[in-house]
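Report on the structure
Each chain, written out:
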Amino acid sequence: MNVNVQLGMRVRYLRKKNKMSIEDLALKADINRNYLSDLERGKRNPTLLVLSKICEGLDVTLEFLFKGIVAYDELFWKNL
């Protein structure tokens, strides 16, 4: 699973944990809700600015947002 998919799953998890809709988070983070939907499905490669806005909307740090996300090559080497 690539990093964008993992990131999208993490954003969706945190959004739902906070009982927020996509529209709620998009408004709070000042980003387009269609963009956020694409991001949650792993279809976007967000900039640091967008990630920072999402973190503000979720009230988490960038470090916390990326917790548990690993690069493909790390998964590959762990399985050898």
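Residues numbered from 1 in each chain as written. Predicted model: local features only at pLDDT ≥ 70, side-chain atom pairs only at ≥ 80, totals over all residues. Heavy atoms only, no water.

**Here we look at the packing of helix α1 (residues 3-17) against helix α3 (residues 33-40)**
Close contact between α1 and α3 brings their axes to 7 Å; oriented N to C, the two are set at 115°. Between α1 and α3, the contacting residues are Asn4, Gly8, Met9, Val11, Arg12 and Arg15 on the first element and Leu36, Leu39 and Glu40 on the second. Here the residues of the contact of α1 with α3 are counted per class, giving 4 nonpolar, 2 polar and 3 charged. (Axes fitted to C-alpha atoms, helices over the stretch in contact; angles between N-to-C directions. Helix = DSSP H or I, 4+ residues; strand = E, 2+ residues; numbered from the N terminus. Contact = heavy atoms within 4.5 Å. Nonpolar A, V, L, I, M, F, W, Y, C, P; charged D, E, K, R; others polar.)

**Quick look at the environment of lysine 17**
Mapped onto the elements of the fold, lysine 17 is located in helix α1. Along the chain, lysine 17 and leucine 58 lie 41 residues apart, while their C-alpha atoms are 9.7 Å from each other.

**Some remarks on the side chain of arginine 15**
Within the secondary structure layout, arginine 15 lies in helix α1. Residues in contact with arginine 15, not counting those within four places in the same chain, are Met20, Ser21, Ile22, Leu25, Glu40 and Leu58.

**A look at the side chain of glutamine 6**
On the secondary structure map, glutamine 6 appears in helix α1. We classify glutamine 6 as buried; its relative accessible area is 13%. Reaching out from glutamine 6, the side chain makes a polar contact with the backbone oxygen of valine 70 at a distance of 2.8 Å. Beyond its immediate sequence surroundings of up to four residues, glutamine 6 is in contact with Met1, Gly68, Ile69 and Val70. (Buried < 20%, exposed > 50% of the residue type's maximum accessible area, 1.4 Å probe, protein only. Polar contact = N/O pair within 3.5 Å; in protein donor to acceptor, adjacent residues only side chain to side chain.)

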